[in-house]
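Residue-level listing of the chains:
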Amino acid sequence: QLTTDNLKNKIYLNNTRLIRHTILLFCALFFYSFLSAQSYYTPKRIDSLITSNEKPNDWSLEKNIDFLNNLYKESEKLHYEKGMYRCLIQISNWYMMKAQYKKALLYFEKIENLRLKNPDNLKYKIMALQSKSFAFTNLGLYDDAHVAIDESIRQGNMISDSET
């Protein structure tokens, strides 16, 4: 049997529940917008993060590689070619510094196979070929080193030919 006190209690509980749900919804929306804003990347931000990773840091090799792979994926989402090249170059540089030449070669191959849309980024392909030659030399693969350095010279000549 409903009394006025029982009815008032039910209305009070419903209002309290509504207020709680509204607060929870507001908090969820606030934190979602805050977190999604945190993961927002722009080409300028990507460049800055790559540049900061070029300096020695306290991170492990794996943490540096994971960080750069994430930046690569973000660059890919933005179709930011320069960021993609710079990430792959930096990953290969980390492997080269740790004398993991075979792993570095995998990333040099990725750089070579990346479609070049902006001719300004050709310098990254040339840089990768030169570093690839150094990796081959350290692995005792001198013929492959010679092929890589010759290709870097050929592509370098393409730049100077287009400027004249």
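Basis of the calculations
Residues numbered from 1 in each chain as written. Predicted model: local features only at pLDDT ≥ 70, side-chain atom pairs only at ≥ 80, totals over all residues. Heavy atoms only, no water. Helix = DSSP H or I, 4+ residues; strand = E, 2+ residues; numbered from the N terminus. Buried < 20%, exposed > 50% of the residue type's maximum accessible area, 1.4 Å probe, protein only. Contact = heavy atoms within 4.5 Å. Areas by Shrake-Rupley, 256 points an atom, 1.4 Å probe, with all protein chains shown as cover. Axes fitted to C-alpha atoms, helices over the stretch in contact; angles between N-to-C directions. Parallel < 35°, antiparallel > 145°, perpendicular 65-115°, else oblique. Left-handed = near helix turned anticlockwise from the far one by under 90°. Nonpolar A, V, L, I, M, F, W, Y, C, P; charged D, E, K, R; others polar. Core = buried A, V, L, I, M, F, W, Y, C linked by side-chain atoms within 4.5 Å.

Re the overall build of the protein chain
Thought 1: Helix and strand counts for the protein chain come out as 7 helices and 0 strands.
Thought 2: In sequence order, the protein chain lays out its α and β elements as α-α-α-α-α-α-α.
Thought 3: Looking at the protein chain as a whole, 32% of its 164 residues are labelled buried.
Thought 4: Across the protein chain, contacts joining residues at least 24 apart in sequence account for 57% of those joining residues at least 6 apart.
Thought 5: As presented, the protein chain carries roughly 11,400 Å² of accessible surface, and 58% of it is formed by carbon and sulfur atoms.

Observations regarding the environment of Phe 67
Thought 1: Mapped onto the elements of the fold, Phe 67 is located in helix 3 (residues 61-77).
Thought 2: Through-space distance from the C-alpha of Phe 67 to that of Cys 87 is 9.4 Å; in sequence the pair is 20 residues apart.
Thought 3: Sequence-distant contacts of Phe 67, defined by excluding residues within four places in its chain, comprise Leu 49, Asn 53 and Trp 59.

Structural notes on the packing of helix 4 (residues 81-97) against helix 5 (residues 101-113)
Thought 1: It is the contact of helix 4 with helix 5, at a shortest axis distance of 8 Å, that shows an interaxial angle of 165 degrees. Put simply, helix 4 runs roughly antiparallel to helix 5. Classified by chirality, the crossing of helix 5 by helix 4 is left-handed. Across the interface between the two elements, Tyr 85, Leu 88, Ile 89, Ile 91, Ser 92, Tyr 95 and Met 96 of helix 4 pack against Tyr 101, Lys 103, Ala 104, Tyr 107, Phe 108, Lys 110 and Ile 111 of helix 5.
Thought 2: The residue inventory of the contact of helix 4 with helix 5, partitioned by class, reads 11 nonpolar, 1 polar and 2 charged.

Describing the packing of helix 5 against helix 6 (residues 122-138)
Thought 1: In the contact formed by helix 5 and helix 6, the axes pass within 9 Å of each other and the chain directions differ by 155 degrees. By the criterion of interaxial angle, the relationship of helix 5 to helix 6 is roughly antiparallel. With respect to the hand of their crossing, helix 5 and helix 6 are arranged in left-handed fashion. The segment helix 5 lies against helix 6, with Tyr 101, Leu 105, Phe 108, Glu 109, Ile 111, Glu 112 and Asn 113 engaging Tyr 124, Lys 125, Ala 128, Leu 129, Ser 131, Lys 132, Ala 135, Phe 136 and Asn 138.
Thought 2: Looking at the contact of helix 5 with helix 6 residue by residue, the classes come out as 9 nonpolar, 3 polar and 4 charged.

Some thoughts on the nonpolar core
The nonpolar side chains of soluble globular proteins are, as a tendency, buried together.
Thought 1: Ranked by internal contacts, the top residues of the largest apolar core, which has 33 residues, are Leu 71, Tyr 95, Phe 108 and Ile 111.
Thought 2: Of all the elements in the fold, those that place two or more residues in this core are helix 2 (43-53), helix 3, helix 4, helix 5, helix 6 and helix 7 (142-163).

So, unusual backbone geometry
Most peptide bonds adopt trans geometry, and most residues besides glycine take a negative phi value.
Thought 1: The backbone phi angle of His 79 is positive, close to 55 degrees, even though this residue is not glycine.
Thought 2: Examined against the element boundaries, His 79 turns out to sit in the loop between helix 3 and helix 4.

What to know about the environment of Asn 113
Thought 1: Mapped onto the elements of the fold, Asn 113 is located in helix 5.
Thought 2: Separated by 12 residues in sequence, Asn 113 and Lys 125 have C-alpha atoms that sit 9.3 Å apart.

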